[in-house]
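Observations on the model geometry
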Amino acid sequence: MSDDQKPTGGATGRSLAALGGGGVSPPVTSVMEHGGVTPQLPPPGSRRHGTYRLPPLPPFLRFILLRLLAAIPVLIGVTLICFAIMVAAPGDPVRIIMGQHYNPQIAENLRVQMGLDKPFAVQYGLFLSRVVHGDLGRSYVQRTEVAPYLAQKFVNTLLLTLIAMIIAVGCGMVAGIVSAAWPRSPADYLLMLLAVAGISMPVFWLGMMLQLLFASRLGWLPVSDMSYSGSLDSLWSQYQSPLVVWWMYWGRHFVLPGVTLATVPMAIIARLTRSSMLEVMGQDYIRTARAKGLSYPRVVVVHALRNALIPIVTVIGNNFALLLTGAVLTETVFSWPGMGRAMVEAITQYDYPMVMGGVMLMAGVFVAVNLLVDMTYGLIDPRVRYG
Amino acid sequence: METLRQLIRHRSACIGLVLVACAVLVAVTCQWLAPFDPVEQFREYSKAPPGTVMSGSASVSEAGNTSSSEARDSQLEKSRRDGGTTRRFFMGTDVNGRDILSRVLYAARISMLVGVVATLLNLLIGILVGTLAGYFGRWLDGLLMRITDTFFAFPGILLAIIILATLNQPEVRKALVSISGRLDPGIWGLFIALGLTGWTGIARVIRGQVLALKELEFVEAARAIGCGHARIILVHLLPNCVAPIIVLGTMQVAYNILSEAGLSFLGLGIQPPAASWGGMLAEGRPYLTSMPWWGVFPGLALALTVLGFNLFGDGLRDVLDPRLKLRTG
């Protein structure tokens, strides 16, 4: 896309240079400013002659724009890989749709109607053009539009992920800071042992053990599902207080899945916070701060933490995206009506439109979260320059 | 030697090494260690809790139709009287009367095999992509890194699930049976699915390493005396990447074992009755309250194996390449 526009940019650059730069008519500049990439890619010709430079975008905007453009090939690549695997798969979606009422004649018609008889490139092209028009198609299995179905599942997963992430970031960073503030202390050893156990934990097994202990044996929390199975009214008549009703209907259902999903990122964040903090704690400015007479907690939290934050935020971003998309196992264990489970179902039922939609949504979220993370670098560390 | 001494002094690395060694030992010798055949069904002993004793002479054919508890008692009596050999179900049995200990031991073989083979594939792809991108740079770097980004943007194990769902269909499984020997044909899908998905981190680290190395004088010297690209990469660059390769490889084994278990848990990897930790957990999940041993022991074995690899990997990293800390956490 940007390659196509480069020559045009170069040509306009040169023609503007020929005009002498002074007499630029307003329409031309405005077109160029709104033209996306064109203004900020210096045309090769004009650079060589050095006669005219286009006014650059602010570095931050330019950075975001470039990153968004870089996401396009990634998204195309993701869908292409996915599409190729599924078209190459021996499973026949028509057979799945028709189930027991399989009839070769109708199947053939359906195949033509769905475009499954066309070559791979054409099928993929049709898919892309539909996506660009905002149409993700209809599910083969659920008999609904893909987009609203996925959106609903996505919200459920997002809720779970946010809670898990709050737990993970909160506990993980505190554990890491404590470990780094008193390295080689018993607390450090204990926390890091817990952390390495955490990253080694099979999430689905952890979920099962939590269910066994807190739901089956102790009966404190529900075994599974996202909300109370009975009606809201019966809870109201029983408890009266909105907080208790909220807890009984929603709140307590989030505890076990949230903790389960949070464990691995919590452990990763704790370990990374520790190593990143220790790196910073050895620097001269920490010694200076201590020498000034600042209290140890203040030095750790204010001086060290802020400077240690960049790798931590990167990992938080990576993990958030991974959680959001990789909650498959937790959702399966806790019968959570989320995205991950919907995707596994769709994949095993050869529900191509659903799989493609879901994969695109997840990859898009991944790209967006990573972009957000990169944007926060500037907030954390003013020395970071974009561009 | 100094490295080895440091490694021996590293306490968690030693613990990890012991756990890994145990897992490897079990994986290699499971057919002699296991007290029972992992798929043999002792119907009259189904749902037996851990430690249940079985008289040596009992077998499926003998005990036949008699009701289970009576049969068990009478046989116990008989074995006590005869002073005959008794065998125990140390971890109990599952709903079909299969010995869980034997299944846990046999599953170690599957897990280790998948973990190691998939990691070797990861390393192969990762090193190839990383060195090519780092060494040749320019458009090749751009292209390879975009491909890496694309694979990295694939959410979690979703790509593995998609590949496996394709490879796990009955027709494909049937075709693979002949080359699988006594293993479940699903193992091929796991090799491929995990091998194709976990290489992005390795590729990035190797690329960074190569980028830094290729500017150094010894590479320039090698080029000056007329070494070709292949020789420079293989003889001069890659040996300098061994430390991160070993560290990342060890941790990748842990990750691949976890993923294998997760995929088998979802019913996409190893299919029952073949024994795998993830598959056993999936089978035991509905019986979690009534037969907790079914869900506890396989998970414990899995967690300990993964812990071993992670501890050992940590130790290796501290000794070989501490800078990786900011990457691996």
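The structure we're discussing is the one just above.
These figures come from a predicted structure and were not determined experimentally.

**Section: the overall build of chain A**
- Looking only at helices and strands, chain A features 17 helices and 0 strands.
- Within chain A, contacts between residues separated by at least 24 positions form 74% of all contacts whose residues are at least 6 apart in sequence.

**Remarks on the nonpolar core**
- Counting residues in each nonpolar core, the largest one holds 177 residues, and the members touching the most others are Ile269(A), Val355(A) and Ile161(B).
- Here Ile161(B) is in contact with Val344(A), Ile347(A), Leu263(B) and Leu268(B), once residues within four sequence places are set aside.

**Quick notes on the interface of chain A and chain B**
- Listed per partner, the contact involves 43 residues of chain A and 41 residues of chain B.
- Of the residues that constitute the side of chain A that touches chain B, the class distribution is 31 nonpolar, 11 polar and 1 charged.

**Concerning helix α7 (residues 158-167) of chain B**
- Here α7(B) lies mainly inside the structure; 10 of its 10 residues are buried.
- Where α7(B) is concerned, the buried positions are Leu158(B), Leu159(B), Ala160(B), Ile161(B), Ile162(B), Ile163(B), Leu164(B), Ala165(B), Thr166(B) and Leu167(B).

**Regarding the packing of helix α13 (residues 242-265) of chain B against helix α14 (residues 277-284) of chain B**
Residue and element names in this part refer to chain B.
- Contact geometry for α13 and α14: axes closest at 7 Å, N-to-C directions at 35 degrees. Like other packed secondary-structure pairs, α13 and α14 cross with a definite hand, here right-handed. The residues of α14 that touch α13, namely those facing Glu 260, Ala 261, Gly 262, Leu 263, Ser 264 and Phe 265, are Trp 277, Gly 278, Gly 279, Leu 281 and Ala 282.
- Looking at side-chain class alone, the contact of α13 with α14 contains 6 nonpolar, 4 polar and 1 charged residues.

**Structural notes on the packing of helix α4 (residues 59-88) of chain A against helix α6 (residues 138-153) of chain B**
- Viewed as axis vectors pointing N to C, α4(A) and α6(B) meet at an angle of 65 degrees, and their least axial separation amounts to 9 Å. Considering only the axes of α4(A) and α6(B), their crossing is right-handed. Facing α4(A), whose interface residues are Pro73(A), Val74(A), Gly77(A) and Val78(A), α6(B) presents Arg146(B), Ile147(B), Asp149(B), Thr150(B) and Ala153(B).
- Taken together, the residues of the contact of α4(A) with α6(B) sort by class into 5 nonpolar, 2 polar and 2 charged.

Calculation rules
Residues numbered from 1 in each chain as written. Chains lettered and ligands numbered in written order. Predicted model: local features only at pLDDT ≥ 70, side-chain atom pairs only at ≥ 80, totals over all residues. Helix = DSSP H or I, 4+ residues; strand = E, 2+ residues; numbered from the N terminus. Contact = placed C-beta atoms within 7 Å. Core = buried A, V, L, I, M, F, W, Y, C linked by C-beta atoms within 7 Å. Buried ≥ 20, exposed ≤ 12 C-beta atoms within 10 Å, placed from the backbone. Nonpolar A, V, L, I, M, F, W, Y, C, P; charged D, E, K, R; others polar. Axes fitted to C-alpha atoms, helices over the stretch in contact; angles between N-to-C directions. Left-handed = near helix turned anticlockwise from the far one by under 90°.

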